[in-house]
Amino acid sequence: MDSVSSLIINDSEYEESQARQEKAPVRFGWVSGVMMRCMLNIWGVILFLRLSFIISQAGILRTCLIILMSVTVTSVTALSISAIATNGRVISGGAYFMISRSLGPEIGGPIGMVFSFANALACALNTVGFAEVVRDLMKDLGVVIVDSDNDVRIVGVITVTVLLFISLAGMEWESKAQIVFFIVLLVSFSNYFVGTIIPPSQEKQAQGIFGYNREIFISNLEPHYGPGIDFFQMFAIFFPSAIGILSGANISGDLKDPATAIPKGTLMAIFWTTISYLAISLTIGSCVIRDASGNITDILIGNTTDGCVGLGCNMGWNFTECIKEKTCQYGLANNSKVLGQVSGFYYLITAGVFAASLSSALGFLVSAPKVFQCLCRDKIYPYIGFFAKGYGKNDEPLRAYILCYIIAVAFILIGKLDIIAALISNFFLCSYSLINFSCFHASITNSPGWRPSFHYYSKWTALFGALISVVLMFLLNWPAALFTFCIIFFLFGYVNYNKPQVNWGSSVQAGTYNLALSYSVSLYGVEDHVKNFRPQCLVLTGPPHQRPALVDFVDSFTKHIGLMICGDIIMVSHPVPTALLQKFMSLNTLRSYLEILLIFGLLQEHERQTRPQDPTVWLVKWMKKRKVRSFYTPFTADSLRSGARNLMQASGLGKLKPNTLVLGFKTDWRESSPESIEDYISTIYDTFDSNYCLCILRMMDGLDVFDQFDYEVNYGFDPDRSLENESQSPERGSVDDISTKADSDQMETVFQKDQGKKTIDVYWIADDGGLTLLVPYLLTRRKRWHSCKVRVFIVGDEQNMEEGRNEMIALLKRFRLDFNDVIVMTDSEKRPQAKNLSRFVDSVAPFRLHDEQQEDISHEDLRQSAPWNISDKEFEAFKPKTERIVRLNEIIRRNSQHAALVIVSLPVPQSDCPSALYMAWLETLTFGLHCPTVLIRGNQQNCLTFYCQ
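Draft legend 1. Inspection of the sheet that holds strand β12 (residues 933-937) at higher detail. One open sheet accounts for ten strands, arranged β3-β2-β1-β4-β5-β12-β11-β6-β7-β8; its pairing is mixed. The strands lining the two open edges of the sheet, one partner per strand, are β3 (631-637) and β8 (821-825). Here the average twist between neighbouring strands, direction ignored, is 20°. Here five bridges tie strand β4 (residues 660-664) to strand β5 (residues 693-698), and the two strands are oriented parallel to one another. Residue Val662 lies in a different strand from β5, and its bridge partner there is Cys695. Seen against the sheet, helix α26 (residues 674-689) touches β4, β5 and β12 and runs at an angle of roughly 145° to β5.

As C-alpha cells, then:
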C-alpha cells in the first residue's frame, strides 16, 4: 500500500510539474462547447434564405409539420447520442467514435467516411449560402465580378479559405469567432421580431409586407405548391438546417466533461432552435403574402377591386399583372430577403445571415477533420493514415483540415444551394439512422457493459428513429438514398473482408454472444437425430502450431460443418521444495497454524513462478491467420490420459459437445518409456468408454514441427523427460517467442494442397456406424479434394465377390455417397509373407516376456505391474489377429501406394491385449505408406441414414 501511495503521489507531482511547464489544452463546457455550437449550426442559411419559400409552398401548417418532423428525428437521435456518450469516456471522433465503439469497425468505418464527407458538404452548403447573400449585396451596389453564378463560386472559395485560416489558428480562435457570431445572431433575431410589430411603410406594402393580419395568416395556412414541387421536396430543402445537432459531439475530445455536456447542450440547443423556427414561421406567415410586385404604383385607388387577383386586393394593392404573368419578384414565394425586409433594420438581418452561414460553415469545417482524424488513427482503411497526425496542444488535424477544404471547394464550385442540400440530407439521415440503431442494438443485447448514466431514452424510440431516418431517405431522394447505401455497403464489405485487428467491445459482439447462447440452449432441448449427425472433434494437438498437419486434416472435414476443439494437455510438475516439506512435517500443534498458512502461501507463490505463461492469444491468432475454424482449450494435467479424459468430460456446451477424439500417431513408441505407451493406449480405451468415436492420423514424416522451435512440445506423443529436467527449465517459451512464431510460421501441409485426381482409399473392415464412410465424403466436398476418386475396399470371398460388391454399391447409393468404385479383397485371409511377419516380431521383441523370464510371477501380477509387456501366452493367443493385420498392410501397400489418403477401420483394443502389442498392430497397419493414413472407428451409433424421416 505504501508503494502504491508513493506512486500516486509521484504521478500527481509529475503531472503538476508538467502542467506548469506546458499550458493545458483548451476545454469547453456545455454552453460554449455544445449548446452554442449546435444552435449556430442549426441557425444556418436555410433559416434566412429558404424558410420563407418553404412557407409559401407548403403553407404554415405543413411547414410546422416539416419542422416538427425534423425535430422528431433530431431529438430521438440526440437522446441516442446522449445515451451512447454517457456510457463511458468519449474521446475525439464524435459520431464516428460512438457508432464504431457501439457497432464495431464494420459499421463504424463506413459511417465515419460518409459522415466526414457529409460535414465537408455542409461546410460547402453554408458557404454557398453566404456567397449568395454577398452576390445580392454586390448587385444592389452595382458590382459584378463575372456573372451571377461565377460570383457565387468566387466569393465562396475566398470565404472558405478565410475560414480555413481561422480553423488552422486553433480551437481557441474558432471558439471566440463562434461567440461573436452567436451575439450577432441574437441581435438580428431581436431586430426581426421588432420589425414585425412596426407598421409597414408603403414601400414595404408594395413588397407584400403588411404586418400581422388575420387574412394573411389564414391564406398562408394551406399549401400552394408550384409546378413540380411537393411536400418532401420542401422537407429535403429544410432538413439540412437541423443537421447541426452533432456539432458538439463532433468535438467531444475538446470538451471538459463530454458525458454531461453532450446531452445537456444538444437537447437545449434543439429546444431553443425549434422555438425560434416555429416562431419565425408563424410570424412571417402572418405578415407577408405570397406574391407582390414591389411597384408602388400598384396601389388601388378607391374601393373598386374588379378584376383584381390575389390577397393583395383586400389590402388595397393590385398585384394581378405580375401574378398572372408570374413575374412577381417579391413576397414569400419569390424573394429570399423577406426576413430582412420585414425586420426593423435590413442590414442587421444581413449580418445575421453572415453570422449564421459563416458560423455553420466554420463549425462543419472543424467537425469533419476531427471525425476523419479519429477514423484515420483507427487504421480501418488503407492509405489514409497520413491524415491522422495532430499538431499542437489540442492535437489539431491540420492535414485533415486541408483535405476538408479541398472537398468543400469542389462542391462550392457547383454553386447551387438546393442541389447540395439534397445530397447532405441523405448523408446525415444515414448517420442518424446508424446512431439510433447503435443505441437500440446496445440496449437489446443486455450487455452488462451498457450502463449509460443518461436514462431518458428508450430502445424503441431509438429503433423508431433509425427506421424513420431510412424511410425519409428514400422519400426525399431515392436515387441518392440508393447511392448512399451502395457506398455504405461497399465500405462495409471492405472492412468485413479485411477484419481489422481491433476490439472495442461492440454491441455486435454482445449480440453474437446472445445468439450463440440462445441457440445453444435451444439445441439442448432437441433430441439427436441421425440426419443431423456431424463429426464434432476434440483434437489433441498440443499447441496447434506444433502439429499443423493434424489441425489442417480435421479442419478439412469440419469447417462450416462441425465443431472443432484443439485440446492442449499441458503436462507440468511443480515439485515441492524439500525444505518446505520437512518444515511442514515438523508441524504438529495448533500453535503452528500461522506457520502452515505461510508455507502454503510460499507453495502457491512457487507454483505461480513456475507456471508457464499463457500463449492462448497467440495460438488463436495463429489459427485465425491459417483460417482454421476451431476453439483452443488448454488443460493442465499430470498425464495424457487424465488430461484427455477430463477434456472429453468437460469440453463443449450442451449439444455443442465433441463426439470424436482425434489423436496423432505416437511414432516414437519404441523409444518411449513403457509408461507413456500405456498412457497412450489407455487414452484410446477411455475414448470408447466415453462413447466417443476415434481417429488417429499418421503422417509418414511425422506430425510435429517442434524441432524448428526453441520451446518444448506436448510429451503425450513424444519422448519423455525426467521431472528433474522439467523443474529446471520452463515447459514452453515465452509469450513473445510464441507470438513471433505465430505471426511468421504458417507451414504448408499436404492437406492445404490441391490433391488433383488421386484416390482416397477407404478400407472398410468393420461396420462402425458409418463414420469411416462419412469422413471421406466430407473431404471430397472441399475444393482441394473435389477431384479425388473415392475407392472402398471391403472383405469378401472369391465365390461371392460380385454379389458383395453389388450390395456395397447399392448401400452407398442409398446413403447418397457418390463414391467411384468398390473393390472386394478376396485374399485378406491368406497368410502374410514371412519377412513381414518377421518384421512385426522384431518390433515387439523388446516388450516380450518369455516363459523363462516369468518364473513364479502370476499372470495377474504381471499385468498389473507391467501391462505393456507381452507374455508368450498372450502373443500366441493374439497371433491370428496379428497375421490378419500384417496381411491387410500388404494389401494396402499393394493398392494404395499412390493414393492421396488412406482410411482404415481401427482395430478395437481388447482389455487383455498388452499395450505394446496393440501399438505394434497400429504401427504395422500403417507401415510403408507415403501418404497420410487415418485409422477411424465409430462408436457404433449410426451417422448415416437413407430414410427421410
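Draft legend 2. Structural context of the state of the cysteines. Across all of its chains, the model carries two disulfides by this definition. Across the disulfide, Cys308 is cross-linked to Cys313 (sulfur-sulfur distance 1.7 Å). For the disulfide bridge between Cys308 and Cys313, the dihedral angle about the S-S bond is near -95°, and by the sign convention the bridge is left-handed. Cys313 sits in the buried class, given a relative accessible area of 8%.

Draft legend 3. The arrangement of the confidence of the model for the protein in detail. Scored by pLDDT, the protein comes out at a mean of 80, with 84% of its residues at no less than 70. Segment residues 1-22: pLDDT under 50, and one contact once partners within four positions in sequence are set aside and those in other chains are kept. When the criterion is pLDDT under 50, residues 706-743 qualifies, and its contacts beyond four places in sequence or with other chains add up to 82 contacts.

Draft legend 4. A look at the nonpolar core. Counting residues in hydrophobic clusters, the biggest one holds 141 residues, and the most contacted among them are Phe48, Ile284 and Phe428. Once residues lying within four places of it in the same chain are set aside, the contact partners of Ile284 are Ile55, Tyr192, Leu332, Val338, Leu339 and Val342.

Draft legend 5. Molecular detail of the pairing of β12. The element β12 is largely enclosed, with a buried count of five among its five residues. Of the two faces of β12, the one holding Thr933, Leu935 and Arg937 and the one holding Val934 and Ile936 are both buried throughout. Where β5 and β12 come together, five bridges link them in antiparallel fashion. The residue of β12 that forms the bridge with Cys695 is Ile936. Note on the crossover from strand β11 (residues 901-905) through helix α36 (residues 915-925) to β12: the handedness is right-handed.

Draft legend 6. Structural context of the packing of helix α6 (residues 105-140) against helix α7 (residues 148-168). Taken N-terminus to C-terminus, the directions of α6 and α7 make an angle of 125°; their axes are 8 Å apart at the nearest point. If you check the angle between α6 and α7, you find them oblique. In the packing of α6 onto α7, the handedness of the crossing is right-handed. Residue-level contacts link Cys123, Thr127, Val128, Phe130, Ala131, Glu132, Val134, Arg135, Met138 and Lys139 of α6 to Ser148, Asp151, Val152, Val155, Gly156, Thr159, Val160 and Leu163 of α7.

Draft legend 7. Inspection of a nonpolar patch on the surface at higher detail. On the surface, a cluster of nonpolar side chains totalling about 420 Å² of accessible area is made up of Ile145, Val146, Ile154, Ile158 and Val162. Along the chain, the position of Ile145 falls in the loop between α6 and α7.

Draft legend 8. Local environment of the packing of α7 against helix α16 (residues 346-377). Axis separation between α7 and α16 bottoms out at 10 Å; the angle between their running directions is 55°. Judged by the inter-axis angle, α7 sits oblique to α16. Here the hand of the crossing between α7 and α16 comes out right-handed. Along the contact surface, α7 presents Thr159, Val160, Leu163, Leu164, Ile166 and Ser167, while α16 presents Leu358, Ala361, Leu362, Leu365 and Val366.

Draft legend 9. Helix α17 (residues 398-412), seen in detail. Here α17 contains 15 residues, and its C-alpha end-to-end distance of 21 Å stays within 8% of the 21 Å for a straight helix at 1.5 Å per residue. For α17, every residue scored as buried is listed here: Ala400, Tyr401, Cys404, Tyr405, Ala408, Val409, Phe411 and Ile412.

Draft legend 10. Up close: helix α31 (residues 834-844). Buried residues of α31: Asn836, Leu837, Phe840, Ser843 and Val844, and no others. Down the axis, α31 shows its buried residues gathered within 115° of arc, on one side only. Every exposed residue of α31 that faces more than 90 degrees away from the buried side is listed here: Ala834, Lys835 and Asp842. In this structure, the buried side of α31 is in contact with β9 (848-849), β10 (870-871), α34 (872-877), α35 (879-895) and α36.

Conventions used here
Residues numbered from 1 in each chain as written. Predicted model: local features only at pLDDT ≥ 70, side-chain atom pairs only at ≥ 80, totals over all residues. Heavy atoms only, no water. Pairing = 2+ DSSP bridges. Helix = DSSP H or I, 4+ residues; strand = E, 2+ residues; numbered from the N terminus. Axes fitted to C-alpha atoms, helices over the stretch in contact; angles between N-to-C directions. Contact = heavy atoms within 4.5 Å. Disulfide = S-S within 2.5 Å. Buried < 20%, exposed > 50% of the residue type's maximum accessible area, 1.4 Å probe, protein only. pLDDT = per-residue confidence, 0-100. Core = buried A, V, L, I, M, F, W, Y, C linked by side-chain atoms within 4.5 Å. Right-handed = clockwise from strand over helix to strand, strands pointing away. Parallel < 35°, antiparallel > 145°, perpendicular 65-115°, else oblique. Left-handed = near helix turned anticlockwise from the far one by under 90°. Patch = residues over 30% accessible without salt bridge, like charges linked within 9 Å, V, L, I, M, F, W, Y side chains within 5 Å. Areas by Shrake-Rupley, 256 points an atom, 1.4 Å probe, with all protein chains shown as cover. Salt bridge = Lys/Arg side-chain N within 4 Å of Asp/Glu carboxyl O. Expected span 1.5 Å × (residues − 1). Arc of directions from axis to C-beta.

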